[in-house]
Amino acid sequence: VVEEKTYSLGDRVWIDDNKDGIQTEGEKGLAGVTVKLTGEGVEKTTTTDADGNYKFEGLKNGDYKVTFETPEGYKVTDTNIGDDDEKDSDGLEVTATIKDKDNMSVDLGLVVKATETPWTPLEPSKPVEEKGSFQEHHIYITKDENGKV
């Protein structure tokens, strides 16, 4: 009996500090992100390690769907930027193919969400007018030592 060869699928979840959608030197991985893999009769879940890396092993040739959960306080950076699939962010849901070799290019770039402070517009104050009242306004004009305004 010939056993079918198996392969690995994975890569990294990273923080896109410069928000360009491409992994660049020094951008850190994000630990603890849940990653799910389905397809070809397989359902697996893992979490990223301290460096943001993850890997699914023992996979046969075929098409798989990789789904990343977005951690609290983050959002997905721009996806599929540039020509290097191993360096760009692929997005929250990715269809990945294994064909006679490992596929270690399914990654996700995240950026920190900007915090939004709720605000309430102020109502302009309205002068209180009573019948027969007069509102006084003062205008001051200042001149310099040469008499110019």
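Note that this is a predicted model, so its numbers are computed, not measured.

Peer 1: Would you take a moment to explain the nonpolar core for this structure?
Peer 2: One broad trend across soluble globular proteins is that nonpolar side chains are buried collectively. Counting 22 residues, the largest nonpolar core has Leu-9, Leu-37, Tyr-54, Leu-59, Val-66, Phe-68 and Val-106 as the members making the most contacts within it. The element that contributes the greatest number of residues to this core is strand β1 (residues 7–15), accounting for 4 residues.

Peer 1: Honestly, the pairing of strand β2 (residues 34–39) in this entry has me stumped. Any pointers?
Peer 2: Consecutive residues of a regular strand have side chains that alternate between opposite faces of the sheet. Across 6 bridges, the pairing between β2 and strand β3 (residues 42–47) is antiparallel. Note on β3: the bridge partner recorded for Leu-37 is Lys-44. Hairpin connection, β2 to β3: the antiparallel pair is bridged by 2 residues, and Glu-40 has positive phi, about 55 degrees. Alignment of β2 against strand β5 (residues 62–68), held across 4 bridges, turns out to be antiparallel. When the sheet's bridge partners are listed, Lys-36 is paired in β5 with Thr-67.

Peer 1: Explain the pairing of β5 to me, please; I cannot follow it from the model alone.
Peer 2: Where burial is concerned, the two faces of β5 differ: the one with Gly-62, Tyr-64, Val-66 and Phe-68 is buried and the one with Asp-63, Lys-65 and Thr-67 is not. In this sheet, strand β7 (residues 93–98) lies alongside β5 in antiparallel orientation, the contact comprising 6 bridges. Within β7, the residue paired with Val-66 across the bridge is Val-94.

Peer 1: So what exactly am I meant to see when it comes to the packing of aromatic side chains here?
Peer 2: Where two aromatic rings form a pair, the distance of their centres and the angle of their planes describe that pair. One pass over the structure, following the stated rule, counts 2 aromatic pairs. Where Tyr-54 meets Phe-56, the ring centres are 5.8 Å apart and the plane angle is 70 degrees; that geometry is what we call edge-to-face. Classification of Phe-56 as buried rests on a relative accessible area of 3%. With a centroid separation of 5.7 Å and an interplanar angle of 85 degrees, the aromatic rings of Tyr-54 and Phe-68 are classed as edge-to-face. Of the two residues, Tyr-54 sits in strand β4 (residues 53–59) while Phe-68 sits in strand β5, which places them 14 residues apart along the sequence. Accessibility classification places Tyr-54 together with Phe-68 in one group, the buried group. An aromatic cluster is present here, built from Tyr-54, Phe-56 and Phe-68 joined pairwise through their rings.

Peer 1: Even after reading the chapter, I still don't get the sheet that holds strand β8 (residues 108–112), so can you show me in this structure?
Peer 2: Strands in a sheet are paired, the pairing made by backbone hydrogen bonds, and the direction either parallel or antiparallel. Taken in spatial order, the 4 strands line up as β4-β1-β8-β6 in an open sheet, and their pairing is mixed. What marks the edges here is a single partner per strand, and that holds for β4 and β6 (74–76). Between one strand axis and the next, the sheet turns through 25 degrees on average, direction left out of account. Judged from the 3 bridges that link them, β1 and β8 form a sheet pairing that is parallel. If you follow Ile-15 over to β8, its bridge partner there is Leu-110.

Each value, and the rule that gives it
- Residues numbered from 1 in each chain as written.
- Predicted model: local features only at pLDDT ≥ 70, side-chain atom pairs only at ≥ 80, totals over all residues.
- Heavy atoms only, no water.
- Core = buried A, V, L, I, M, F, W, Y, C linked by side-chain atoms within 4.5 Å.
- Buried < 20%, exposed > 50% of the residue type's maximum accessible area, 1.4 Å probe, protein only.
- Helix = DSSP H or I, 4+ residues; strand = E, 2+ residues; numbered from the N terminus.
- Pairing = 2+ DSSP bridges.
- Phe/Tyr/Trp six-rings, centres within 6.5 Å; stacked < 30°, edge-to-face > 60°.
- Axes fitted to C-alpha atoms, helices over the stretch in contact; angles between N-to-C directions.

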